[in-house]
Amino acid sequence: MADSIIATADLRKSYEGVEALAGLNLTVARGSICGLLGRNGAGKTTTIKVLLGMARPTSGRASVFGLAADAEQTSVEIRRRTAFVSEERDLYDSMTVEQLIHFTASFYPRWRKDLEQDYRRKFELPADRAVKHLSRGGRTKLALLLALCSGAELLILDEPTSGLDPAATEEVLQSLVSHAARTEATVLLSTHQLTDVDQIADHVAIIDRGRTLVVGALDDIRAGYRRVQLVFDGEAPEGLPGVPGIVATRRQGRVLTVLSSAGADRIIDEAQVLKPVSVDVLPVTLKEIFLATVAGEGGNALV
Amino acid sequence: MIFKPNPSLGVPIYLQLMEQVKHAIETGALRPGDQLPGIRPLAEQLVINANTVAKAYRELEHEGVIELKHGAGAFVSGSEQAQKLAVKFRSAQPLVTSAVERLRARGLSDEEIRRMFEAELAGFRKAGGQGG
């Protein structure tokens, strides 16, 4: 993809023989909000570390803005143009909110003073409060403010809404949507909060065991995945072998349920020869897609 | 007028937005010449991706339902397509009303009626899919 901000090809990273990344192929389109989804230990944080030059890949390629992520010089350039909000929200605890904003702004030549004013008002952060006395939500909002105002072309956020109440979550998501629209920045949102991604992302990458399982535009994925339920007069057949796009199959008595990633038409065509008495086609949610793909073979129970 | 789409329906969000705009035109809530919310304000209000709103507007323009005027925003089209939406919808409404009334008179619950409509629509889509 020519207009991708992040691209990895067969990316591998092992820690003492354990493969954290096992051939990851990821592309993030410019100007998108991309949800990086995976279970704990799927490789999300390792991916981010490699992209930001904090970990060296064992093999394969990773680039950000078309620059190699594993070369020292280009990695500095990548970090200069990227803002990262870590899951721990690492902030200088001894400073006040005001001090930390000024301190951080001094590092960024493209600091957005206008946005700083906006977000200070919106997030209602008490200027004189010590950072260590902020609530979890306050801490997240401050970390986010620093990232949003840095003028970065790419925002990488690790679990930005974890531990937040629904109101604070909505506020964080809204500022991301609005920021992406205002500045055309690209956002990579690493999370296991499927509802956040469902709501604001336009692209998604589902990874598991260091591999990419699903990657693409969320609306295309939503349009492609279908659950097809076929009811037969007698015992349902074992399945529909050879039909492309079948992610999972389940047989229960007279009913055969198939989860497809390639729409329902082909499955219905193939099933006609088996003379089903009824056919139902249902849309599938991102949560169901996530569970069915990361669960692999065991996922058949989820159809 | 345009409310929050439901991502957990499994239906693409831009399609949900398109349906909402069309429905607003069908019911007369939006009329030819009316201005639609801007892409960014609408994305912020609904807390959804601005690219998704832009896609819905582009598709609606492609279908002749709205017009995008550079710098000015999006407007409900005065074209025949947009006019027809309202007429088509309003003239069909009594058919649905009478069908539902007759089914209720036969003792079917609203939930049963809903399921029958949905199954029928799913069957219709299947027939369309096979033809293509």
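Predicted, not measured: the structure shown is a model, and the values here were computed from it. (Residues numbered from 1 in each chain as written. Chains lettered and ligands numbered in written order. Predicted model: local features only at pLDDT ≥ 70, side-chain atom pairs only at ≥ 80, totals over all residues.)

A.B. asks: Can you lay out the overall build of chain B for me, pointing to particular residues and giving the numbers?
C.D. replies: Check the secondary structure of chain B and you find 5 helices and 2 strands. The secondary structure elements of chain B, listed N-terminal to C-terminal, are α-α-α-β-β-α-α. Each principal axis of the C-alpha atoms in chain B carries an extent, and together these give about 55 × 35 × 30 Å. For chain B, with 132 residues in total, the buried portion stands at 27%. Taking the contacts inside chain B whose residues are at least 6 apart along the sequence as the reference set, 52% of them involve residues at least 24 apart. (Helix = DSSP H or I, 4+ residues; strand = E, 2+ residues; numbered from the N terminus. Buried ≥ 20, exposed ≤ 12 C-beta atoms within 10 Å, placed from the backbone. Contact = placed C-beta atoms within 7 Å.)

A.B. asks: Describe the packing of helix H5 (residues 136-149) of chain A against helix H6 (residues 166-183) of chain A, naming the residues involved and giving the relevant values.
C.D. replies: Residues and elements named next belong to chain A. Their axes nearest at 11 Å, the elements H5 and H6 cross at an angle of 5 degrees. Taken together, the axes of H5 and H6 lie roughly parallel to each other. Residues Gly137, Thr140, Leu144 and Leu148 of H5 pack against Ala168, Val172, Ser175 and His179 of H6. Looking at the contact of H5 with H6 residue by residue, the class counts come to 4 nonpolar, 4 polar and no charged. (Axes fitted to C-alpha atoms, helices over the stretch in contact; angles between N-to-C directions. Parallel < 35°, antiparallel > 145°, perpendicular 65-115°, else oblique. Nonpolar A, V, L, I, M, F, W, Y, C, P; charged D, E, K, R; others polar.)

A.B. asks: Could you give an account of the confidence of the model for chain B, naming the residues involved and the relevant values?
C.D. replies: Residues and elements named next belong to chain B. Averaged over every residue, the pLDDT of chain B is 85; residues scoring 70 or more account for 92%. Averaged over each element, pLDDT in chain B is lowest for helix H5 (residues 110-131) (67) and highest for helix H3 (residues 50-62) (95). Confidence over residues 127-132 falls short of pLDDT 50; this stretch has 6 contacts with residues more than four positions distant or in other chains. Scoring of the predicted complex yields 0.83 for pTM and 0.76 for ipTM. (pLDDT = per-residue confidence, 0-100.)

A.B. asks: Requested: an account of the pairing of strand E2 (residues 73-76) of chain B, with residues and values cited.
C.D. replies: All names here are of chain B. Across 4 bridges, the pairing between strand E1 (residues 66-69) and E2 is antiparallel. Opposite Ile66, over in E2, you have Val76 as the bridge partner. Counting the residues in the hairpin turn of E1 and E2 gives 3 residues, including Gly71, whose phi is positive at 85 degrees. (Pairing = 2+ DSSP bridges.)

A.B. asks: Got a sec to walk through helix H2 (residues 39-46) of chain B? Specific residues and values, please.
C.D. replies: Buried within H2(B) we find Ile39(B), Leu42(B), Ala43(B), Glu44(B) and Leu46(B). Where the residues of H2(B) are buried, they touch H6 of chain A together with H3 of chain B. Residue Val47(B) follows H2(B) closely and has a positive phi angle near 55 degrees.

A.B. asks: Tell me about the sheet that holds strand E12 (residues 246-252) of chain A, and please be specific about residues and values.
C.D. replies: Residue and element names in this part refer to chain A. A sheet is described by the order of its strands in space; here 4 strands give the open sequence E12-E13-E11-E14, paired in antiparallel fashion. The sheet terminates laterally at E12 and strand E14 (278-283), the two strands that pair on one side only. Put simply, the sheet's adjacent strands are angled 15 degrees from each other on average, direction ignored. Here 6 bridges tie strand E11 (residues 226-231) to E14, and the two strands are oriented antiparallel to one another. Opposite Val228, over in E14, you have Val281 as the bridge partner. Packed onto the sheet, helix H9 (residues 265-272) meets E11, strand E13 (255-260) and E14 and runs at close to 15 degrees relative to E11.

A.B. asks: Summarise the sheet that holds strand E5 (residues 67-68) of chain A; cite the residues concerned and give the values.
C.D. replies: All names here are of chain A. On the basis of which strands lie adjacent, the open sheet formed by 4 strands has the order E2-E1-E4-E5 and antiparallel pairing. Only two strands of the sheet have a single partner each, and these edge strands are strand E2 (18-29) and E5. In the sheet, strand E1 (residues 4-15) pairs with strand E4 (residues 59-64) via 5 bridges, with the strands oriented antiparallel. For Arg12, the partnering residue across the bridge sits in E4 and is Ser59. Against the sheet, helix H1 (residues 44-51) engages E1, E2 and E4, with an angle of about 70 degrees to E2.

A.B. asks: Explain the interface of chain A and chain B residue by residue, including any values.
C.D. replies: With 28 residues of chain A at the contact, the number on the chain B side is 23 residues. Of all the elements in the fold, those that place two or more residues in the side of chain A that touches chain B are H6, helix H7 (194-200), helix H8 (218-224), H9 and E14 of chain A. Here the element with the most residues in the side of chain A that touches chain B is H6(A); it accounts for 7 residues. When the residues that make up the side of chain A that touches chain B are grouped by side-chain class, the tally is 14 nonpolar, 6 polar and 8 charged.

A.B. asks: I'd like a rundown of the nonpolar core, residues and numbers included.
C.D. replies: All names here are of chain A. The biggest cluster of nonpolar side chains holds 107 residues, and the ones touching the most others in it are Cys34, Val187 and Val204. With 8 residues, the single largest contributor to this core is H5. What Cys34 contacts, discounting residues up to four positions off in sequence, is Val28, Val187, Leu188, Leu189, Ala201, His203, Val204 and Ala205. (Core = buried A, V, L, I, M, F, W, Y, C linked by C-beta atoms within 7 Å.)

A.B. asks: Please set out the confidence of the model for chain A residue by residue, giving values where relevant.
C.D. replies: On average, chain A scores 90 in pLDDT, and the residues at 70 or more come to 97%. Here residues 297-301 of chain A scores under 50 on pLDDT; set against residues more than four positions off or in separate chains, the count is 6 contacts.

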